[in-house]
Amino acid sequence: MKPEFKILSPTAILGYGFPEASFLRGMAERPDLIAVDGGSTDPGPYYLGAGKAFTDRTGVKRDLRYMLVHGVKAGIPVVIGTGGGSGAAPHLEWCRRIILEIAEEEKLSFRMAVIPTDVDKATIHAVLDAGRIEPLALVPPLTHAAIDASPHIVAQAGVEPFIRALQAGAQVVLAGRAYDPACFAALPIMRGYDEGLALHCGKILECAAIAASPGSGSDCAMGILREDSFVLKALSDDRKFTAESAAAHTLYEKSDPYHLPGPGGVLDLTGCSFTELGDGTVEVRGSRHVHTPYQVKLEGAARVGYRTLSIAGTRDPIMISTIDAIIDAVKARVALILGDAAKARVFFHIYGKNGVMGGLEPLKDAAAHELGIVIEVLADTQEEADTVCSLTRSTLLHYGYPGRVATAGNLAFPFSPSDVQAGAVYEFSLYHLMPIDPATAFPFRMEQVG
């Protein structure tokens, strides 16, 4: 029988934080691995396109300090996936510099493997010409123009480059964009633990205690791999794992409840079971990994313009009752005034009336006594966005709709200035699958730190 393999997941995303007591309780369990998912596409395409982190530098440094100090001193590998939030070259270097700062301040010495996962555009062009790139569901076919318009293109690396780095003696591994479970699953797979169990355990641990009850992305969790199962354990008295919480998180971010595709395989959960052990832990069995032709997901974001926002509210029942007609009339008035100069797209997000779901809202006729109105303008330049937003906001503010009595204005503004420049706007330009050779993709570079 294999010994237990313990994985400490400090936080849902590097920079989200965790209580010191939870982390120290995890360290007292003598984990075999400290791993963390450093990022996500959840915050949208801006951060990948702009090359900026979406988590706070101070928060990331605080989290990493705990992981590095305790991990390096105890001889426990520290593995970080999707460094810097989006995992492209600028994000990876941003995270690397934080690690070097901590090492210098704490007098730490270790070997660190850095795994870039940026994909050369010439390579993507060639594979596209060969007809071997597939769009994901609801994504248009890839074009050469989309490739050229994307400042940074990354691929979700699987466990293979992590394993090569660890086999080479890395004590700390910092990777670019990676399949979320990879940083948790690589070391146990390298040591002979079941792929399906390791990847499923990693899938849950990538969000740390979010999968516990009550869930929290800012608390630690532990996964304990065994020969034919794994156990999930919370590291705070405030929460516990239940069969329901673990099963619910297994469904997280999935269009198919039983199959989760990843690089080179599909996690098959059709025979999976969740059993509460009576002490706030849950044992999971039956996860299987089925190998498929090796493909990785490409991610890229291209700039599509500049945004200006204005936020307002109303509680006039007359205005609320005819808000759709008023908005249409305001758009028409702005277009009439600006004519050809109105080179912008204007969006109204009406919170209290389909503001979250938009056209997919099933309760379209639900009554509201107040509305939050976000005016969003997207244009080719910031100046054009500012101009159209300013006129749209002022036109709505003083628009004379039927039944209106007061002339002081239709809107309440929580902020002054009322218009906010949001800067460059990006949209995902690549969300496609590309075949690679896992034996040679994503080479790492080893450096001696300290």
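Before reading further, recall that the structure is shown in the block above.
A. Just the packing of aromatic side chains, in detail. What the rule picks out here adds up to eight aromatic pairs. Ring plane angle 55 degrees and centroid distance 5.6 Å describe the contact between Phe5 and Tyr193, whose orientation is recorded as tilted. Taken together, the positions of Phe5 in strand β1 (residues 5-9) and Tyr193 in the loop between α8 (182-190) and α9 (195-205) put the pair 188 residues apart, joining distant regions of the chain. Each member of the pair, Phe5 as well as Tyr193, is classed as buried. Their ring planes at 65 degrees and their centres at 5.6 Å tell us that Tyr47 and Phe54 sit as a pair that is edge-to-face. Of the residues examined, Tyr47 reaches a relative accessible area of 24% and is grouped as partly exposed.

B. Representation of the sheet that holds strand β3 (residues 78-81). With mixed pairing, ten strands are arranged side by side in an open sheet as β12-β13-β9-β8-β1-β2-β3-β7-β4-β19. Of all strands in the sheet, those with a lone pairing partner are β12 (273-276) and β19 (445-449), marking the two edges. Within this sheet the neighbouring strands show an average axis-to-axis angle of 20 degrees, counted without direction. Bridge count for strand β4 (residues 110-115) against β19 is five bridges, and the pairing is antiparallel. Residue pairing in the sheet places Ala113 in a bridge with Met446 of β19. Docked against the sheet, helix α3 (residues 57-74) engages β2 (33-37), β3, β4 and β7 (172-175), running at close to 150 degrees with respect to β3. Of the strands in this sheet, β1, β2, β3 and β8 (221-225) are in contact with α8, which crosses β2 at around 150 degrees.

C. Here's a closer look at helix α4 (residues 89-106). Between the first and last C-alpha of α4 there are 26 Å, a value that for 18 residues agrees with the 26 Å anticipated at 1.5 Å per step. For α4, the full list of buried residues reads His91, Leu92, Cys95, Arg96, Ile98, Ile99, Ile102 and Ala103. Along α4, the residues classed as buried sweep out an arc of 160 degrees about the axis, all on the same side. Away from the buried face of α4 by more than 90 degrees, exposed residues Arg97 and Glu104 are located. The inward-facing, buried residues of α4 contact α2 (46-50), α3, β3, β4, β7 and β19. Residue Lys107 follows α4 closely and has a positive phi angle near 55 degrees.

D. View of unusual backbone geometry. The omega angle of the peptide bond from Ser213 to Pro214 is -10 degrees, so this bond is cis rather than trans. Inspection of the secondary structure assignment puts Pro214 in the loop between α9 and β8. For the bond running from Ser416 to Pro417, omega is 10 degrees, close enough to zero to count as cis. Locating Pro417 in the fold gives a position in the loop between α13 (382-397) and β18 (419-435). Positioned with a positive phi, Thr82 is a non-glycine residue whose angle comes to about 50 degrees. Summarising the element assignment, Thr82 is placed in the loop between β3 and α4. Notably, Lys107 is not glycine yet its phi reads approximately 55 degrees, a positive angle. Tracing the chain through its elements places Lys107 in the loop between α4 and β4. Of the residues examined, Lys107 reaches a relative accessible area of 70% and is grouped as exposed.

E. Seen up close, the side chain of Lys61. Mapped onto the secondary structure, Lys61 falls in helix α3. On the accessibility criterion, Lys61 (15% relative accessible area) is buried. Those residues within four positions of Lys61 in sequence are excluded, and the remaining contacts are Ile98, Glu101, Ile102 and Glu105.

F. Expanded view of the pattern of salt bridges. Going through the model one piece at a time under the given rule, you end up with 25 salt bridges. A salt bridge links Glu29 to Lys233, with the nearest nitrogen and oxygen atoms 2.4 Å apart. Linking Glu29 in the loop between α1 (20-28) and β2 with Lys233 in strand β9 (residues 230-234), this pair joins segments that are 204 residues apart in sequence. Residue Glu29 is classed as buried on the basis of its relative accessible area of 19%. Residues joined by salt bridges that share partners form a network here, namely Arg57, Lys61, Arg65, Glu101, Glu105 and Glu106.

G. Region of the structure containing the sheet that holds strand β14 (residues 288-291). On the basis of which strands lie adjacent, the open sheet formed by three strands has the order β10-β11-β14 and antiparallel pairing. With partners counted over all chains shown, the strands left at the sheet margins are β10 (259-262) and β14, one partner each. In this sheet, neighbouring strand axes are inclined to one another by 25 degrees on average, regardless of whether the strands run parallel or antiparallel. Inspection of the sheet shows strand β11 (residues 265-268) paired to β14 by four bridges, in the antiparallel sense. Bridge pairing in β14 links Leu267 to His289. Helix-sheet contacts for α9 involve β10, β11 and β14, and the interaxial angle to β14 is about 110 degrees.

H. Layout of a nonpolar patch on the surface. A cluster of nonpolar side chains, Tyr351, Val356, Met357 and Leu360, forms an exposed patch at the surface whose accessible area comes to about 460 Å². Along the chain, Met357 falls in the loop between β16 (344-351) and β17 (371-379). The exposure class assigned to Met357 is partly exposed, which follows from its relative accessible area of 41%.

I. Summary view of the pairing of β9. Across the five residues of β9, four count as buried, placing the element largely inside the fold. Bridge analysis of β8 against β9 gives five bridges, and the strand direction is antiparallel. Its bridge partner lying in β9, Ala221 is registered against Ala234.

J. Representation of the side chain of Lys297 in the model. Here Lys297 is to be found in strand β15 (residues 295-314). Look at Lys297 and you get buried, because its relative accessible area is 15%. There is a polar contact of 3.0 Å between the side chain of Lys297 and the side chain of Glu299. Contact partners of Lys297, with chain neighbours within four places excluded, come to Leu136, Val154, Ala155, Gln156, Tyr431, His432 and Leu433.

Rules used throughout
- Residues numbered from 1 in each chain as written.
- Predicted model: local features only at pLDDT ≥ 70, side-chain atom pairs only at ≥ 80, totals over all residues.
- Heavy atoms only, no water.
- Phe/Tyr/Trp six-rings, centres within 6.5 Å; stacked < 30°, edge-to-face > 60°.
- Helix = DSSP H or I, 4+ residues; strand = E, 2+ residues; numbered from the N terminus.
- Buried < 20%, exposed > 50% of the residue type's maximum accessible area, 1.4 Å probe, protein only.
- Pairing = 2+ DSSP bridges.
- Axes fitted to C-alpha atoms, helices over the stretch in contact; angles between N-to-C directions.
- Contact = heavy atoms within 4.5 Å.
- Expected span 1.5 Å × (residues − 1).
- Arc of directions from axis to C-beta.
- Salt bridge = Lys/Arg side-chain N within 4 Å of Asp/Glu carboxyl O.
- Patch = residues over 30% accessible without salt bridge, like charges linked within 9 Å, V, L, I, M, F, W, Y side chains within 5 Å.
- Areas by Shrake-Rupley, 256 points an atom, 1.4 Å probe, with all protein chains shown as cover.
- Polar contact = N/O pair within 3.5 Å; in protein donor to acceptor, adjacent residues only side chain to side chain.

Purely spatial values, then, with no claim about function.
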